[in-house]
Every structure is written in structure tokens, then in C-alpha cells.
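Residues per chain are reported as follows:
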Amino acid sequence: MILALLYLALAGAYLLVIPIVVMVYMKQRWYVASSIERTIMYFMVFFFLPGLLVLSPFVNLRPRPRQIEV
């Protein structure tokens, strides 16, 4: 029973928790990241792709509208 709970916790972390953290981090740092940081981001997307696919219907990554000063 403990082993089943451990597998469930690891699966939840892999499919939900860590991809949410990756998405929040990428949203904050996408336009200001250095080349090494961007490479790490790409690796994280590759590694946690199943979880990111699970969350993708609920995420809006469109850029914010520009504020044009008059």
C-alpha cells in the first residue's frame, strides 16, 4: 500500500506539480533568459512534456497587450 501511494505521489509530481512550476518559471523569464538558461528551459520542456501536455489546454501564453502612450 505504501508503494502504491509512493508511485501515485511521484506520478502526481511528474504530471502536475513540476510542470506547473516549469510553466510559471518560463512565463516569468522567457524574454530575459540567457542562452544557458534557455537551454535548461528547453531541457525541462523535453523532460516534463507529458505533464505539460496535460496542462496545455488550461494555459494561456499569449503576450500581454501593449500599452501605447498618447
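Residues numbered from 1 in each chain as written. Predicted model: local features only at pLDDT ≥ 70, side-chain atom pairs only at ≥ 80, totals over all residues. Heavy atoms only, no water.

## Quick word on the overall build of the protein chain
Filter applied, for reference: Only runs of H or I of at least four residues qualify as helices and only runs of E of at least two qualify as strands under DSSP, and these elements are numbered from the N terminus. The reference for a compact globule is 2.2 Å times residues^0.38; the radius of gyration itself is calculated from the C-alpha atoms. Residue exposure (1.4 Å probe, protein chains only): buried if accessible area is under 20% of the type maximum, exposed if over 50%, otherwise partly exposed. When checking whether two residues touch, look at their non-hydrogen atoms; a contact exists if any pair is within 4.5 Å. Surface exposure here means Shrake-Rupley accessible area, sampled with a 1.4 Å probe, where a residue is shielded only by the protein chains that are shown.
Assigned secondary structure in the protein chain consists of 3 helices and 0 strands. Counting from the amino terminus, the protein chain carries its helices and strands in the arrangement α-α-α. On C-alpha atoms alone, the protein chain measures out to a radius of gyration of 16 Å, which is more than a quarter above the 11 Å that the 2.2 N^0.38 rule sets for 70 residues. In the protein chain, buried positions account for 16% of the 70 residues. Of the contacts formed within the protein chain by residues at least 6 apart in sequence, a portion of 63% connects residues at least 24 apart. About 6,300 Å² of surface is accessible on the protein chain, with carbon and sulfur atoms providing 73% of the total.

## Notes on the UniProt feature "transmembrane region" (unreviewed entry) in the protein chain
Let me state the cut-off plainly: UniProt positions are given in the numbering used here, feature names are shortened, and annotations may be inferred rather than shown by experiment.
In the numbering adopted here, UniProt assigns the feature "transmembrane region" (unreviewed entry) to residues 6–27 and 39–59. Counted over residues 6–27, helix gives 100% and strand 0%. Its end C-alpha atoms are 30 Å apart. Taken end to end, residues 39–59 has its terminal C-alpha atoms 22 Å apart, with 76% of it in helix and 0% in strand.

## Remarks on the environment of Gln67
Mapping Gln67 onto the fold places it in the segment after α3 (49–55). Judged by relative accessible area, Gln67 falls into the exposed class, the value being 74%. For the pair Gln67 and Phe47, spaced 20 residues apart in sequence, the C-alpha to C-alpha distance is 36 Å.

## So, the pattern of salt bridges
Applicable threshold: Each salt bridge in this description consists of a side-chain nitrogen of Lys or Arg and a carboxyl oxygen of Asp or Glu lying within 4 Å of one another.
For the structure shown, the criterion picks out 1 salt bridge. Close ionic contact of Arg29 with Glu37 constitutes a salt bridge, the shortest N to O distance being 2.8 Å. The partly exposed category is assigned to Arg29, whose relative accessible area is 30%.

## Topic: a nonpolar patch on the surface
Operational definition: Patch membership is restricted to residues that have no salt bridge and whose relative accessible area is over 30%. Joining uses 9 Å for like charges and 5 Å for the nonpolar side chains Val, Leu, Ile, Met, Phe, Trp and Tyr.
Side chains of Tyr14, Leu15, Leu16, Val17, Ile18, Ile20, Val21, Val24, Phe43, Phe46, Phe47 and Val54 sit close together on the surface and give an oily, nonpolar patch of about 1,100 Å² of accessible area. Tracing the chain through its elements places Val24 in helix α1 (residues 2–29). Residue class for Val24 comes out partly exposed when judged on its relative accessible area of 45%.

## Observations regarding the layout of surface pockets
Condition: Definitions used for this entry: grid spacing 1 Å over protein atoms alone; cavity, a set of points where a 1.4 Å probe fits but cannot get out; pocket, an open set with protein on both sides within 12 Å along at least 5 of 7 lines; lining residue, one with an atom within 4 Å of a point. Grid points are joined across faces, edges and corners, and a volume is the space filled by probe spheres set on the points. Any residue outside Ala, Val, Leu, Ile, Met, Phe, Trp, Tyr, Cys, Pro, Asp, Glu, Lys and Arg is labelled polar, Gly included; the first ten of those are nonpolar and the last four are charged.
Put simply, the largest pocket is a space of about 340 Å³. Taken together, Met23, Met26, Lys27, Trp30, Tyr31, Leu61, Arg62, Pro63 and Arg64 form the lining of the largest pocket. Of the residues in the lining of the largest pocket, the class split is 6 nonpolar, no polar and 3 charged.

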